[in-house]
Amino acid sequence: YDNYYSVSGEKDRHTVRFHINGALRVLAQPFSQTNEQAARALFERWFYRFHDILQRQNAWMCYALLDDRGDRKSVWTPRVQVPLSNVVNVHIVPWSEKQQFLEVLVPHGRR
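Bear in mind that the values here come from a model prediction, so they are computed numbers and not experimental data.

**Student:** Pulling in residues and values, what's your account of the overall build of the protein chain?
**Tutor:** When helices and strands are counted, the protein chain shows three helices and five strands. Its C-alpha radius of gyration of 14 Å places the protein chain within 12% of the 13 Å reference for a compact globule of 111 residues. Summarising its shape, the C-alpha atoms of the protein chain cover approximately 40 × 35 × 25 Å along the three principal directions. Looking at the 111 residues of the protein chain, the share that counts as buried comes to 36%. For the protein chain, contacts bridging at least 24 residues in sequence account for 63% of all contacts bridging at least 6. Side chains of the protein chain give 15 positive and 11 negative charges; the mean places of these two sets differ by 3 Å.

Take a look at the structure:
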């Protein structure tokens, strides 16, 4: 994997926190916020970034990994998630459900 991976979009270059190399073509961006308004603004910025990346190369699988530990769970309301929730190839995964993400990295039968 690569930390702080620079990837070209249709219009701009973007830095994503994690790139999982190989056939998976996974980009993963962790999100951690303490209030709903800041979380919504962050999702709106990342809507542009993920959308731009996917416009250039739609084979990427993008993951928004949400820090939902403790009080932060209440931050990630459906309203916050709207900007990314309907983008093809963008998957929103709360960290409390990280098994969904881990199964992509190690598919059944390859363990």
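**Student:** Run through the pairing of strand 1 (residues 2–8), naming residues and quoting values.
**Tutor:** Pairing analysis gives six bridges linking strand 1 to strand 2 (residues 13–20), with the strands arranged antiparallel. Among the inter-strand pairings, Asn 3 is bridged to a residue of strand 2, identified as Phe 18. Connecting the antiparallel pair strand 1 and strand 2 is a turn made up of four residues.

**Student:** How would you sum up the nonpolar core? Please name residues and give values.
**Tutor:** With 21 residues, the main nonpolar core has Phe 31, Phe 43 and Trp 76 as its most contacted residues. At the level of secondary structure, the elements contributing two or more residues to this core comprise strand 3 (26–31), helix 1 (36–56), strand 4 (61–66) and helix 2 (78–85). The element best represented in this core is helix 1, accounting for seven residues. Excluding residues within four positions of it along the chain, Phe 31 makes contact with Leu 42, Phe 43, Trp 46, Ala 64, Leu 65, Leu 66, Asp 67 and Trp 76.

**Student:** An account of helix 1 is requested, with residue identities and associated values reported.
**Tutor:** Counted at 1.5 Å a residue, the expected span for helix 1 with its 21 residues is 30 Å, and the 30 Å between its end C-alpha atoms agrees. Among the residues of helix 1, Ala 39, Arg 40, Leu 42, Phe 43, Trp 46, Phe 50, Asp 52, Ile 53 and Leu 54 are the ones counted as buried. The secondary structure elements touched by the buried residues of helix 1 are strand 1, strand 2, strand 3, strand 4, helix 2 and strand 5 (90–94). Backbone nitrogen of Gln 37 and a side-chain oxygen of the N-cap are separated by 3.1 Å at the start of helix 1; the cap is Asn 35.

Thresholds, definitions, all that
- Residues numbered from 1 in each chain as written.
- Predicted model: local features only at pLDDT ≥ 70, side-chain atom pairs only at ≥ 80, totals over all residues.
- Heavy atoms only, no water.
- Helix = DSSP H or I, 4+ residues; strand = E, 2+ residues; numbered from the N terminus.
- Rg over C-alpha atoms; globule rule 2.2 N^0.38 Å.
- Buried < 20%, exposed > 50% of the residue type's maximum accessible area, 1.4 Å probe, protein only.
- Contact = heavy atoms within 4.5 Å.
- Lys, Arg positive; Asp, Glu negative; His and termini not counted.
- Charge placed at Lys NZ, Arg CZ, Asp CG, Glu CD.
- Pairing = 2+ DSSP bridges.
- Core = buried A, V, L, I, M, F, W, Y, C linked by side-chain atoms within 4.5 Å.
- Expected span 1.5 Å × (residues − 1).
- Polar contact = N/O pair within 3.5 Å; in protein donor to acceptor, adjacent residues only side chain to side chain.

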